[in-house]
Structure formats: C-alpha cells, structure tokens
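Residue-level structural notes
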Amino acid sequence: MVSVRASLERALRISRKIVASGDRVVVAVSGGKDSAVALYVLRELQKSKSFGLKALHIDLGLMHAVPVVEDLAERLGVELRVVRLGDYGIDIPLASRLLRRPPCSVCGAVKRYLLNKVPREMGATKVATGHNADDILLFFFKDLAQGRVDWASKLKPLVPSTHPKLLPRIRPLFEVTGEETLAIAESLGLLFTREKCPLAPLKGDWMSEPLKSFVLSVEEKHPGFRVQLVRGIAKIPDLYEPGTLRECRVCGEPASSEVCSFCRIRLKLSSVQSKTI
Ligand SMILES: [Zn+2]
C-alpha cells in the first residue's frame, strides 16, 4: 500500500539537503510522471526555502509532450523553456543510422549536452532530474554488471560538478519508487503522458526487465527494500575520477576529446544533408 504523504515527505527531506538557499534550480521535464513530481516537490520546498525554480523541456521530436509540460508548468506557476532538437538540425533516428550508434546512445549524448548547456545559459546553479529509486537501482546493477564500479559510486542525490562549465545534478526522487511517483502524480492530478519512446524497444536491452523483476521480487518479501538499498548506495564513497576535460573546438563546451559528442553528431548530419542538396 503506497502512502502518498510518506513518499512526498521522503522526497522533501532529500530535496532540503540537496538544494541550498539562493540556488537557481532548473528541472528537466520530459512530460512523464517522474519529472512532473520532481517539479512539484521542489515547488513545495520553495514554501520553506528561498531558491529559484524553472523548468526545461527538450523536445526530441519523437513524442508529443510539449502541451503536457506547458500545462504542468502553468499549473505549478513555473517558468518553462522548450528547446527543440530540430532547431539544432538533429534527427535522432537518422543520426543513429549514420553514426551506427543505438538511438538511446545518441539521445543520451544529446540530452546530457543540452541539459547542461541550456540550464547554465538560463542562470542555473543546479539541474534536477526526475530519476526515481527504481531508475537508480537499475543503473546501479547495470554499472556493476558491466564492471563500472566508479559509475555506480556516482549514483547520489547530489552529483557534484567536475568542471567549471558542468552544473551539479540533483535527484529529488532518489528515495521514491516508481509506484510512489505514480501515486503522487495521480493523487495531485498532475498532467503527465504515458506515451513510451517509440525507439526504446528497438535495441536489445536484455538486462532491464530481469533486473526489475528481481528487485520487485525482493520488495514483495521485504517491503521497503528498494528505499533501504538506494540509501546504502548513497553511502558508497565516490570512486569516480573524472578524466581531464577540455573544451570542444567547435562549441566550447566541456568535452573528453577535441570535438564533443554533440558537435560530432551535428557535423555528421550536416555533412550528409549538404551532400543531398
Ligand atoms: Zn561541441
């Protein structure tokens, strides 16, 4: 049985720790239930803490979430900025084919870039995402299974910056499960879309479903297991050692190579488009 009040309290308790007075937080809103609840929680936190709050939506051109996020932002009284990927000349399915990279990998690179650059230009000191406890557990087990222990150790409610141009990231729903965010969103009447990404089922992600079942099977026997586990994960010492970041030759954003991943995608697409004209 999900307690909306207890789940909200948990989210607020974490949020109080990761948001400082005077912060300017930009929440990445996708149109889904989790980011809608994250925005709501931070709006509630503003009643007892003074900080700035705005929302940002990246329209990937794959779903129809813009009216949903517009409604959410208006109802919560939060300023919303919408950035369209098409305006950057990026088409995810096409980029995926040309670069021979899975669409989720292209999408991830594009979102990581824009969810840092745009909030920084909006004056943010932190970026908030709607990742919930189930997401964190999935990342954790996948990272471990792939030997990326240092990545697993980065799974925290607050991920500090590793470069002057990289914003710290916060996860207000770190201790709130998927069912709980759904219950919160439904009980508050927050508008969200249940639309799934049309590209998601294309790639062979064999690990996610069995891992979710495994975690849920333990939860069934021991209610509260997931929250207990993410709290344990948050206590793991940070083993991540950031490589030396330079600035992209094209756009000046932090990059691990001479040209950042975002610019490489754009350059590839523009070279193909110029050939077809
Ligand atoms: Zn670049």
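Since the structure is predicted, the reported quantities are computational estimates derived from the model, not experimental observations.

The zinc ion binds to the protein through Cys 248 (SG), Cys 251 (SG), Cys 260 (SG) and Cys 263 (SG), with metal-donor distances spanning 2.2 to 2.3 Å. Taken together, the 4 donor atoms coordinating the zinc ion span angles of 105 to 115 degrees at the metal, a pattern that classifies the geometry as tetrahedral. The motif formed by the donor residues of the zinc ion, counted along the single chain, is C-x2-C-x8-C-x2-C. According to the relative accessible area criterion, Cys 251 is partly exposed, its value standing at 26%.

The next point concerns the environment of Gly 31. Of note, Gly 31 is situated in the loop between β1 (24-28) and α2 (33-45). Gly 31 sits 15 residues away from Gln 46 along the chain, and the two C-alpha atoms are 22 Å apart.

Before going further, it helps to spend a moment on the packing of α2 against helix α8 (residues 178-188). Close contact between α2 and α8 brings their axes to 9 Å; oriented N to C, the two are set at 65 degrees. Between α2 and α8, the angle falls in the class roughly perpendicular. Crossing angle aside, the handedness with which α2 passes α8 is left-handed. The segment α2 lies against α8, with Lys 33, Asp 34, Val 37 and Tyr 40 engaging Gly 178, Thr 181, Leu 182, Ile 184, Ala 185 and Leu 188. Of the residues that constitute the contact of α2 with α8, the class distribution is 6 nonpolar, 2 polar and 2 charged.

Counting 32 residues, the largest nonpolar core has Val 19, Val 25, Val 27, Leu 39, Leu 42, Leu 53 and Leu 190 as the members making the most contacts within it. Put simply, the parts of the chain that give this core at least two residues each are α1 (4-18), β1, α2, β2 (52-59), α3 (66-76) and α8. In this view, Leu 190 contacts Ala 36, Val 37, Tyr 40, Leu 72, Leu 76 and Ala 185; residues no more than four positions away in its chain are not counted. If you look at the next biggest cluster of nonpolar residues, it comprises 31 residues, including Val 106, Cys 107, Ala 124 and Cys 263.

Before going further, it helps to spend a moment on the UniProt feature "domain: tRNA(Ile)-lysidine/2-thiocytidine synthase N-terminal" (unreviewed entry) in the protein chain. Feature annotation in UniProt assigns "domain: tRNA(Ile)-lysidine/2-thiocytidine synthase N-terminal" (unreviewed entry) to the following positions: residues 25-192. As annotated, residues 25-192 comprises 47% helix and 15% strand, and the C-alpha atoms at either end are separated by 21 Å.

This next bit is on the layout of surface pockets. Roughly 240 Å³ of internal volume is contained in the second largest pocket. Met 1, Val 2, Glu 180, Glu 219 and Arg 226 are, among the 13 residues lining the second largest pocket, the residues nearest its centre. Looking at the lining of the second largest pocket, the elements that each hand over two or more residues are α1, α8 and α10 (225-234). Here the residues of the lining of the second largest pocket are counted per class, giving 5 nonpolar, 3 polar and 5 charged.

With that out of the way, let us pick up the pattern of salt bridges. Tallying each qualifying case throughout the model produces 17 salt bridges. Residue Glu 209 pairs with Lys 212 through a salt bridge whose shortest N-O separation is 3.3 Å. Residue Glu 209 and its partner Lys 212 are both found in helix α9 (residues 208-221); the two are separated by 3 residues, about one turn of the helix. Bridged by salt links that share partners, the residues Asp 134, Glu 179, Glu 219 and Arg 226 form one connected network.

This paragraph deals with α8. Restricting attention to buried positions, one finds in α8 the residues Gly 178, Glu 180, Thr 181, Ala 183, Ile 184 and Ala 185. Where the residues of α8 are buried, they touch α1, α2 and α6 (133-145). The positive-phi residue at the C-terminal boundary of α8 is Gly 189, with phi of around 70 degrees.

The next point concerns the packing of aromatic side chains. According to the stated counting rule, one finds 4 aromatic pairs in the structure shown. Centroid distance Tyr 113 to Phe 262: 3.9 Å. Interplanar angle 5 degrees. Geometry classified as stacked. You can see Tyr 113 sitting in helix α5 (residues 103-121) and its partner Phe 262 sitting in helix α11 (residues 261-276), a full 149 residues away along the chain. Look at Tyr 113 and you get buried, because its relative accessible area is 12%. Ring geometry for Phe 140 against Phe 141: centres 5.6 Å apart, planes inclined by 70 degrees, an arrangement best described as edge-to-face. Classification of Phe 141 as buried rests on a relative accessible area of 19%. The side chain of Lys 154 reaches across the aromatic face of Tyr 240, ending 4.1 Å from its centre.

Conventions and cut-offs
Residues numbered from 1 in each chain as written. Predicted model: local features only at pLDDT ≥ 70, side-chain atom pairs only at ≥ 80, totals over all residues. Heavy atoms only, no water. Donors = N, O, S within 2.8 Å, 3.2 Å for Na, K, Ca; no water. Tetrahedral: all angles 85-135°; square planar, octahedral: opposite > 155°, others 65-115°. Buried < 20%, exposed > 50% of the residue type's maximum accessible area, 1.4 Å probe, protein only. Helix = DSSP H or I, 4+ residues; strand = E, 2+ residues; numbered from the N terminus. Axes fitted to C-alpha atoms, helices over the stretch in contact; angles between N-to-C directions. Parallel < 35°, antiparallel > 145°, perpendicular 65-115°, else oblique. Left-handed = near helix turned anticlockwise from the far one by under 90°. Contact = heavy atoms within 4.5 Å. Nonpolar A, V, L, I, M, F, W, Y, C, P; charged D, E, K, R; others polar. Core = buried A, V, L, I, M, F, W, Y, C linked by side-chain atoms within 4.5 Å. UniProt positions renumbered as here; feature names shortened; annotations may be inferred. 1 Å grid on protein atoms, 1.4 Å probe; cavity = no way out; pocket = protein on both sides within 12 Å on 5 of 7 lines; lining within 4 Å. Points joined across faces, edges and corners; volume = space filled by probe spheres on them. Salt bridge = Lys/Arg side-chain N within 4 Å of Asp/Glu carboxyl O. Phe/Tyr/Trp six-rings, centres within 6.5 Å; stacked < 30°, edge-to-face > 60°. Lys NZ or Arg CZ within 6 Å of the ring centre and 35° of its normal.

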